[in-house]
Amino acid sequence: GAGVSQSPRYKVAKRGQDVALRCDPISGHVSLFWYQQALGQGPEFLTYFQNEAQLDKSGLPSDRFFAERPEGSVSTLKIQRTQQEDSAVYLCASSSQGARGTDTQYFGPGTRLTVL
Amino acid sequence: QKEVEQDPGPLSVPEGAIVSLNCTYSNSAFQYFMWYRQYSRKGPELLMYTYSSGNKEDGRFTAQVDKSSKYISLFIRDSQPSDSATYLCAMTLGGNNRLAFGKGNQVVVIP
């Protein structure tokens, strides 16, 4: 019955370090989304998974960003060689419908990444 | 020009006042319109969900969509201090497509 969970909640990285952010969606949810929310801005779409398939990665800002969902449940967003402009809150959302359905996206609390 | 425009200015109102928020958008293909509420250090939570043009009421909250003007609104009646949060408009093409968000309005309801 738990909602979407994300870990860690806070991450501080030195510029150039690699980071991995985890998302546990609601059990049984088919669709999983990652968004990036800069300070004072609305969330911006990064990528979308239906089960284990990454159907849309058009929002990933550079090839330093990589996401996976190998077993169709937990997802990891990896950022290589972090830069200061990567500092943001990274939000994960899941929904019960696949690509042909329309359903509420339920958001996790986010991971606040600070790159020094 | 961003797909969704929301004037991000903060809004302070006395308890009991009506809060009025709005967004405009440029993509006429958007079909589903939402308002999310986001408390500090939390993820967005869905408040209102509307398909196509028209009004939808849920308790103290009313959402309006005018597709001909590409304009959506959210009204909060009898505002309470617990309504203090950031309100984000969002919209999607449908088919579990990505959400396009506005910048958000920070609302403070003063007791």
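See the structure printed just above.
Described in the following lines is the structure provided in the data block. Just so we're clear, the structure is a prediction, and the values are computed from it rather than from any experiment. (Residues numbered from 1 in each chain as written. Chains lettered and ligands numbered in written order. Predicted model: local features only at pLDDT ≥ 70, side-chain atom pairs only at ≥ 80, totals over all residues. Heavy atoms only, no water.)

Quick look at the interface of chain A and chain B now. The partner chain B presents 20 residues to the 28 residues of chain A that form the contact. Together chain A and chain B conceal approximately 1800 Å² of surface at their shared face, both sides included; 48% is due to carbon and sulfur atoms. The interface formed by chain A and chain B holds 1 salt bridge in total. A:Glu44 is paired through a salt bridge with B:Lys2; the nearest N and O atoms lie 2.8 Å apart. The interface formed by chain A and chain B includes 5 residue pairs in polar contact (both at pLDDT 80 or more). Elements with a contribution of two residues or more to the side of chain A that touches chain B: strand E4 (31-37), strand E5 (44-50) and strand E9 (88-95) of chain A. At 4 residues, the largest contribution of residues to the side of chain A that touches chain B is made by E4(A). For the side of chain A that touches chain B, the per-class residue count stands at 10 nonpolar, 13 polar and 5 charged. (Contact = heavy atoms within 4.5 Å. Buried area = accessible area lost by both parts, 1.4 Å probe. Salt bridge = Lys/Arg side-chain N within 4 Å of Asp/Glu carboxyl O. Polar contact = N/O pair within 3.5 Å; in protein donor to acceptor, adjacent residues only side chain to side chain. Helix = DSSP H or I, 4+ residues; strand = E, 2+ residues; numbered from the N terminus. Nonpolar A, V, L, I, M, F, W, Y, C, P; charged D, E, K, R; others polar.)

For sheets, the rule is that strands pair by backbone hydrogen bonds, running either parallel or antiparallel. Residue and element names in this part refer to chain A. Ordered in space as E1-E3-E8-E7, the 4 strands form an open sheet in which the pairing is antiparallel. For this open sheet the edge positions go to strand E1 (5-7) and strand E7 (65-68), each flanked by a neighbour on one side alone. Between one strand axis and the next, the sheet turns by 15 degrees as a mean value, whatever way the strands run. As judged from the 5 bridges shared by strand E3 (residues 19-24) and strand E8 (residues 75-79), these two strands associate in the antiparallel manner. By the bridge assignment, Ala 20 is partnered in E8 with Lys 78. (Pairing = 2+ DSSP bridges. Axes fitted to C-alpha atoms, helices over the stretch in contact; angles between N-to-C directions.)

Looking now at the packing of aromatic side chains. All chains considered together, the criterion is met by 13 aromatic pairs over all chains. Judged by centre distance (5.7 Å) and plane angle (55 degrees), the rings of B:Tyr36 and B:Phe101 are tilted. With B:Tyr36 in strand E4 (residues 32-38) and B:Phe101 in strand E10 (residues 100-101), the pair connects residues that are 65 residues apart, well separated along the chain. Comparing B:Tyr36 with B:Phe101, the two get one shared label, buried. By the ring-pair criterion, three or more aromatic residues cluster together here, those being A:Phe33, A:Tyr35, A:Phe45, A:Tyr48, A:Phe107, B:Tyr36 and B:Phe101. (Phe/Tyr/Trp six-rings, centres within 6.5 Å; stacked < 30°, edge-to-face > 60°. Buried < 20%, exposed > 50% of the residue type's maximum accessible area, 1.4 Å probe, protein only.)

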